[in-house]
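What follows is each chain in one-letter form.
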Amino acid sequence: MADVPENAPQHCPGTGSSDAGKSSACEGCPNQTLCAAAAGPDPAIEEIKEKMSSVKHKILVLSGKGGVGKSTFSAHLAHGLAEDEGKQIALLDVDICGPSIPRIMGLEGEQVHQSGSGWSPVYVEDNLAVMSVGFLLGSPDDAVIWRGPKKSGMIKQFLRDVDWGDVDYLIVDTPPGTSDEHLSVVQYLSAAHIDGAVIITTPQEVSLQDVRKEINFCRKVKLPIIGVVENMSGFICPKCKNESQIFPPTTGGAKKMCSDLKIPLLGRVPLDPNIGKSCDAGKSFFTEIPDSPATLSYRTIIQKIQEFCSLRQS
Amino acid sequence: MLNAHGKDVHQCDSGWVPVYVDQEKSISLMSIGFLLERPDDAVVWRGPKKNALIKQFVGDVSWGDLDFLIVDTPPGTSDEHISTVDALRPFNPMGAVVVTTPQAVSVGDVRRELTFCKKMGLPVVGVVENMSGFVCPHCTECTNVFSKGGGEELARHAGVPFLGCVPLDPLLTQSLEQGKNFIQEFPKSSAYSSITSIAQQILDSATQGS
Ligand SMILES: Nc1ncnc2c1ncn2[C@@H]1O[C@H](COP(=O)(O)OP(=O)(O)OP(=O)(O)O)[C@@H](O)[C@H]1O
Ligand code: SF4
Ligand SMILES: [Mg+2]
Ligand SMILES: [Zn+2]
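All values reported here derive from a predicted model rather than from experimental measurement. (Residues numbered from 1 in each chain as written. Chains lettered and ligands numbered in written order. Predicted model: local features only at pLDDT ≥ 70, side-chain atom pairs only at ≥ 80, totals over all residues. Heavy atoms only, no water.)

Chemist: Run through the nonpolar core, naming residues and quoting values.
Modeler: Judged by nonpolar contacts, the single largest core of 89 residues is most densely connected at Phe 73, Trp 164 and Ile 305 of chain A. In this structure, Trp 164 of chain A is in contact with Met 52, Ala 90, Leu 91, Leu 92, Pro 121, Tyr 123, Ala 129, Met 131, Phe 158 and Leu 170 of chain A, ignoring residues within four places of it in sequence. Listed in part, the 15 residues of the second largest apolar core include Leu 114, Phe 116, Cys 117 and Val 127 of chain B. (Core = buried A, V, L, I, M, F, W, Y, C linked by side-chain atoms within 4.5 Å. Buried < 20%, exposed > 50% of the residue type's maximum accessible area, 1.4 Å probe, protein only. Contact = heavy atoms within 4.5 Å.)

Printed below as a string of structure tokens:
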């Protein structure tokens, strides 16, 4: 067959077929986005564009490694932005198998309601709406044992069928890595325009190594990078006040990586056991510990993100 | 982490030859990292492609005679996990060691992981609590950076064995990142005794099981 590229999987329907990019063989094929685009886009992309016309800024929070603090950051970015009562903030958790946003936002046990125009999100405050697969589960023990296509279907619904209303910032918390969830979000929002991605890392090389992959992913899918946040960067002993590097930046940390790759370092957030405690309790540590170094550093980072977004607006 | 980056996987008659960590060939490794041209290449794959590779890793690597095969997985309960359990099912896997950090946010995800094991019919060898406690090198005060006790409580709640706590040890991270010899450096770490004790419990339950 002439129209089967060399790198296509075994059962490629052919790039000229009307199934190109859409058949089950296409799942996972590197050409899928291209083929699907040539064969006409998923109608959902247009519908999502329509829906997102009332959402001014869209920010993705990404990381290479797991457990580096994406959800914590997403939650506090949302809290921080929502301090301006004139702004509407939405936080969407697309970590389908490990939704931790409900707990961090103090919303465990909440359920989503069906409204006339779709699903209504759960509100933390009048101007802060949250959506997560966690709100669709019956119990905290429920596991979502889903393969990629089903997860993508859920993400499509989150973007298309949630009744967000007018939103200034939509923050999307993702699982670690570069797989189905990330491809789906980027694909579904392709017509709606994403402002950019914030990449979270810890200082040690094992984590940075995966961030470089994440950056390559962003470049591949043409997603602008707002910048990198180095989390868990240094620990101040509560007793003697000396600093230790729990996750030592043996290769120069995020700073060196960012200057090597010419991307902005938005800031560093120290390890602070109170952050974990606030998250476990579902509270914002901005209000729990307003003048800690971590809070100040988070605030500077949030300001930089706001500046980035306002530049893009004009 | 095992100072094996930059090594390549070779092909032989019976399949891919794994990468060996030591001269005696007592530890062999297989990872997609060995198959990438550049270390920074992103593997932007959807599930089905990952599933195919996992099948190949189980079926097409010439592992030789092994006493234990340890499979490291990403977080979650999706393609990689379903495929690994499916691929290993004919070989009667001994079970899953479930690792958590102590705080509730992490424990919450692990509760779902235990449900996954139950649904997939995969026995749970036990729960390990990692990064519990950090001893300040300046004053030896131990701080529970990520709180404490979540792992043990989870194990009790789920009725599975608790295998132990492993402390945070920056010196170990540092020496491994600098590419020092893992086998030499590891015994010096404060995490060593806890990990050895956990390994012993796993060995014990393996001999009981067989
Ligand atoms: N700067 C910090 N200091 C102390 N604890 C932190 C800090 N940042 C995050 N944490 C804690 O680390 C844990 C992991 O954070 P979080 O859940 O946000 O990571 P994640 O990247 O979203 O993880 P996953 O990959 O599983 O989605 C949480 O318990 C959180 O409270
Ligand atoms: S996406 Fe589908 S049609 Fe396009 S090359 Fe891949 S398998 Fe063939
Ligand atoms: Mg998370
Ligand atoms: Zn100290």
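Chemist: Requested: an account of the UniProt feature "binding site: ATP" (unreviewed entry) in chain A, with residues and values cited.
Modeler: All names here are of chain A. Under the feature "binding site: ATP" (unreviewed entry), the UniProt entry names Gly 64, Lys 65, Gly 66, Gly 67, Val 68, Gly 69, Lys 70 and Ser 71. Along the chain, Gly 64 falls in the loop between β1 (55–62) and α3 (70–82). If we skip the residues at most four places from it in the chain, Gly 64 touches Pro 176, Gly 177, Asp 210 and Glu 214. Examined against the element boundaries, Gly 69 turns out to sit in the loop between β1 and α3. The residues contacting Gly 69, other than those within four sequence positions of it, are Ile 200 and Asn 231. (UniProt positions renumbered as here; feature names shortened; annotations may be inferred. Helix = DSSP H or I, 4+ residues; strand = E, 2+ residues; numbered from the N terminus.)

Chemist: Hey, could you go over the domain arrangement of chain B for me, with residue numbers and the actual values?
Modeler: Residue and element names in this part refer to chain B. Domain assignment breaks chain B into domain 1 (1–93) and domain 2 (95–210). One C-alpha centre belongs to domain 1, the other to domain 2; they are set 22 Å apart. Taken together, the 13 residues of domain 1 in the interface contact 14 residues of domain 2. Counting the surface lost from both domain 1 and domain 2, the interface buries some 1,100 Å², and carbon and sulfur atoms represent 73% of this. The interface formed by domain 1 and domain 2 holds 0 salt bridges in total. Counting the contacts that link domain 1 with domain 2 gives 2 residue pairs in polar contact (both at pLDDT 80 or more). Broken down by class, the residue content of the side of domain 1 that touches domain 2 amounts to 6 nonpolar, 4 polar and 3 charged. (Domains from an automatic or database assignment. Buried area = accessible area lost by both parts, 1.4 Å probe. Salt bridge = Lys/Arg side-chain N within 4 Å of Asp/Glu carboxyl O. Polar contact = N/O pair within 3.5 Å; in protein donor to acceptor, adjacent residues only side chain to side chain. Nonpolar A, V, L, I, M, F, W, Y, C, P; charged D, E, K, R; others polar.)

Chemist: Residues and numbers for the site of ligand 2, please.
Modeler: Taken together, 14 residues form the shell around ligand 2, and within it Cys 12, Cys 26, Cys 29, Asn 31 and Cys 35 of chain A come nearest. By residue class, the composition of the shell around ligand 2 is 9 nonpolar, 5 polar and no charged. (Near = heavy atom within 4 Å.)

Chemist: Would you mind going over the coordination of the zinc ion (ligand 4) in detail, with residue names and values included?
Modeler: The coordination sphere of the zinc ion (ligand 4) contains the protein donors Cys 237 of chain A (SG), Cys 240 of chain A (SG), Cys 136 of chain B (SG) and Cys 139 of chain B (SG), at a distance range of 2.3 to 2.4 Å. Viewed at the metal, the 4 donor atoms of the zinc ion (ligand 4) are separated by angles of 106 to 112°, and the geometry they form is tetrahedral. Within this pair, whereas Cys 240 of chain A is found in the loop between β9 (225–236) and β10 (243–244), its partner Cys 139 of chain B is found in the loop between β7 (134–135) and β8 (142–143), the two belonging to separate chains. (Donors = N, O, S within 2.8 Å, 3.2 Å for Na, K, Ca; no water. Tetrahedral: all angles 85-135°; square planar, octahedral: opposite > 155°, others 65-115°.)

Chemist: An account of the interface of chain B and chain A is needed here, citing residue identities and associated values.
Modeler: With 51 residues of chain B at the interface, the matching set in chain A holds 54 residues. Between chain B and chain A, roughly 4,400 Å² of surface is buried when both sides are summed, and carbon and sulfur atoms account for 58% of that area. Contact with chain A buries area across many residues of chain B, yet Arg 46, Arg 112 and Glu 177 of chain B alone supply 18% of it, more than any other trio. Applying the counting rule to chain B against chain A returns 4 salt bridges.

Chemist: So what's going on with unusual backbone geometry? Which residues, and what values?
Modeler: When glycine is set aside, most residues are seen to have a negative phi, and most peptide bonds are trans. Despite not being glycine, His 193 of chain A has its phi angle at roughly 75°, a positive value. With respect to the helices and strands, His 193 of chain A occurs in the loop between α6 (180–188) and β8 (196–201). One non-glycine residue, Ser 147 of chain B, lies in positive phi territory at about 55°. The residue Ser 147 of chain B is located in the loop between β8 and α4 (150–158) in this model.

Chemist: Tell me about the sheet that holds strand β6 (residues 124–130) of chain B, and please be specific about residues and values.
Modeler: All names here are of chain B. What the 3 strands build is an open sheet, ordered β5-β6-β9; its pairing is parallel. A strand with exactly one partner marks an edge of an open sheet, and here the two such strands are β5 (96–100) and β9 (162–166). Taken pair by pair, the neighbouring strands of this sheet meet at an average axis angle of 20°, ignoring direction. In this structure, β6 lies alongside β9, joined through 4 bridges in parallel fashion. Bridge assignment links Asn 130 to a residue of β9, and that residue is Val 166. Of the strands in this sheet, β5 and β6 touch helix α3 (residues 104–120), which is tilted by about 165° from β5. The sheet strands contacting α4 are β5, β6 and β9, and the helix crosses β6 at an angle near 160°. (Pairing = 2+ DSSP bridges. Axes fitted to C-alpha atoms, helices over the stretch in contact; angles between N-to-C directions.)

Chemist: Hey, could you go over the UniProt feature "binding site: [4Fe-4S] cluster 1" (unreviewed entry) in chain A for me, with residue numbers and the actual values?
Modeler: Residues and elements named next belong to chain A. Within the UniProt annotation, "binding site: [4Fe-4S] cluster 1" (unreviewed entry) is assigned to Cys 12, Cys 26, Cys 29 and Cys 35. A compact arrangement is adopted by the annotated residues: their sequence extent is 24 residues, whereas the largest C-alpha distance between any two is 10.8 Å. Within the fold, Cys 12 resides in the segment before α1 (32–38). Relative to the helices and strands, Cys 35 resides in helix α1. Residue Cys 35 is classed as buried on the basis of its relative accessible area, which comes to 13%. Other than its neighbours up to four places away in sequence, Cys 35 contacts Thr 15, Ala 20 and Gly 21.

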